[in-house]
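Each chain is listed here by its residues.
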Amino acid sequence: MDLAENVDVASYSRPTFFELVAEEGMIESLRPALRYLLTVGTQHAPHTFQPFLRFSDEIHAALQLLIDGYYLRTYDASFSEEFYGLKRVARTRSGVLRLHHRLRSLLFVVLLPYLASRRDKILAALKKHLAHRPAVLRATLAALRAAALLWRITSFAFKILYLLGATETFSPAWLVCGITMQRVTDDDLEAEAENERVIGEQRKIDYKAMAFPRRALNQSLDAVADLLRSALPASVFFLTFLEWWYSTEHLRPAPRMPVPPYPAPPALGLAAALARPVPGSLPPSAAAVVPAGQCGVCKTPFRNPALLATSGYVFCYSCIHDVVSETGQCPLTHLPSSVSHLIRLYHES
């Protein structure tokens, strides 16, 4: 029975492959979300947000350093790890994280991703400073590419082995940091709640010993910290959703449907329609002698002009309305028309 319980506890404390992949993906999605937020701000207030957009990677790294530093100090986990119910455990008998474990964790959680995001600018700076020494430049670039390739291959190999259950190390960064990852247990949650209770009671004692202005300031700061702690996960998902919603992939227009063939022309050709006499209308040759700015029906300057959409000619609205209502055709081209084809025109005169 004891052996079965130990096996169950061990299997429960080991995070699944998909939990760790989701945790890494959450970290990678925060940077473009912040950049999108600053981009929107720059579009509305360029003078205010343009400097922040230029240093968006640095701002993201500074925020991540503050947040993950706080979470590592308080929960023995980064923000995304604590969100998924995970914690870091030292590879020692006690399993307690020390200062060097937290510093190494910050190195791999914050500094290396920041350097990776600035890879192009770093390489450009190296090429600029080592331009007069091409041999050193080529050797440096080759070493950097080899190191990056080796890290990717090693990381992929560790992930495959972790997925197959052959190792407890998901990433080579865990070996360098001297840690492993476990799920948060009920005992951890109870200890955390007890710790928060003790801290809350200590705060009340400290507040009573403070003067009013200082007490009010500390209470306000603690309230803001608690609010940020609760609102941070929601804000992260909100920013990620906005970045996805307005991304180029989402706004990509749907593929155009094939254009259907044009309909066949009417049986009555244009020449036959022009030659066909219509009572009460002008002869076809009248279209060529109608002066510009005059109605083709009353031969006077336009009064309340209207365009007949089927032929493109402009008439007085009252004239063309009467002719089309009576004959059902354009008086100049004899194309079939109706009152619905009339478009009122408005101009200053």
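The structure contained in this document is the topic of the report that follows. Fair warning: this is a prediction, and the values are worked out from it, not measured in the lab.

Further remarks concern the pattern of salt bridges. All told, the structure shown has five salt bridges when counted by the stated rule. Taking the shortest distance from any N to any O, the salt bridge between Glu168 and Arg14 comes out at 3.1 Å. Here Arg14 lies in the loop between helix H1 (2-13) and helix H2 (17-44) and Glu168 lies in the loop between helix H8 (134-163) and helix H9 (172-177), a separation of 154 residues in the sequence. Here Glu168 falls in the partly exposed class, since its relative accessible area comes to 43%. Using a relative accessible area of 23% as the deciding quantity, one classes Arg14 as partly exposed. Put simply, Glu24 and Lys159 hold a salt bridge, and the shortest N to O gap is 4.0 Å. Of this pair, Glu24 sits in helix H2 while Lys159 sits in helix H8, placing them 135 residues apart in sequence. Residue class for Glu24 comes out partly exposed when judged on its relative accessible area of 28%.

Inspection of the secondary structure assignment puts Glu23 in helix H2. Salt bridges are absent for the buried Glu23, whose nearest opposite-charge side chain, Arg88, sits at 5.9 Å. A distance of 2.7 Å separates a polar atom in the side chain of Glu23 from a polar atom in the side chain of Ser80. Beyond its immediate stretch of four places on either side in the chain, Glu23 contacts Ser78, Ser80, Glu81 and Tyr84.

Computed from the structure, the largest pocket encloses a volume of approximately 1500 Å³. Contributing to the lining of the largest pocket are 36 residues, with Phe108, Leu112, Pro113, Ala116 and Trp151 lying nearest its centre. Elements represented by at least two residues in the lining of the largest pocket include exactly H2, helix H4 (56-75), helix H5 (79-83), helix H6 (99-117), helix H7 (119-129), H8 and H9. Sort the elements by how many residues they give to the lining of the largest pocket and H8 lands first, with nine residues. Among the residues making up the lining of the largest pocket, the classes are represented as 19 nonpolar, seven polar and 10 charged.

Where H4 contacts H6, the axes come no closer than 10 Å and their chain directions differ by 165 degrees. Here H4 is positioned roughly antiparallel relative to H6, judged by the angle of their axes. Our pair here, H4 against H6, has a crossing hand that is right-handed. Where H4 abuts H6, its residues Asp57, Glu58, Ala61, Gln64, Leu65, Asp68, Gly69, Leu72 and Arg73 lie against Arg102, Ser105, Leu106, Val109, Val110, Tyr114 and Ser117. In the contact of H4 with H6, the residues fall into seven nonpolar, four polar and five charged.

Together, Leu107, Leu111, Leu112, Leu115 and Ile122 line one region of the surface with nonpolar side chains, adding up to about 360 Å² of accessible area. If one sorts the elements of the nonpolar patch by residue count, H6 sits on top with four residues. Within the secondary structure, Leu115 sits in helix H6. When its relative accessible area of 36% is taken as the criterion, Leu115 is described as partly exposed.

The rules behind the values
Residues numbered from 1 in each chain as written. Predicted model: local features only at pLDDT ≥ 70, side-chain atom pairs only at ≥ 80, totals over all residues. Heavy atoms only, no water. Salt bridge = Lys/Arg side-chain N within 4 Å of Asp/Glu carboxyl O. Helix = DSSP H or I, 4+ residues; strand = E, 2+ residues; numbered from the N terminus. Buried < 20%, exposed > 50% of the residue type's maximum accessible area, 1.4 Å probe, protein only. Lys, Arg positive; Asp, Glu negative; His and termini not counted. Polar contact = N/O pair within 3.5 Å; in protein donor to acceptor, adjacent residues only side chain to side chain. Contact = heavy atoms within 4.5 Å. 1 Å grid on protein atoms, 1.4 Å probe; cavity = no way out; pocket = protein on both sides within 12 Å on 5 of 7 lines; lining within 4 Å. Points joined across faces, edges and corners; volume = space filled by probe spheres on them. Nonpolar A, V, L, I, M, F, W, Y, C, P; charged D, E, K, R; others polar. Axes fitted to C-alpha atoms, helices over the stretch in contact; angles between N-to-C directions. Parallel < 35°, antiparallel > 145°, perpendicular 65-115°, else oblique. Left-handed = near helix turned anticlockwise from the far one by under 90°. Patch = residues over 30% accessible without salt bridge, like charges linked within 9 Å, V, L, I, M, F, W, Y side chains within 5 Å. Areas by Shrake-Rupley, 256 points an atom, 1.4 Å probe, with all protein chains shown as cover.

Keep in mind these numbers describe shape, not what the thing actually does.
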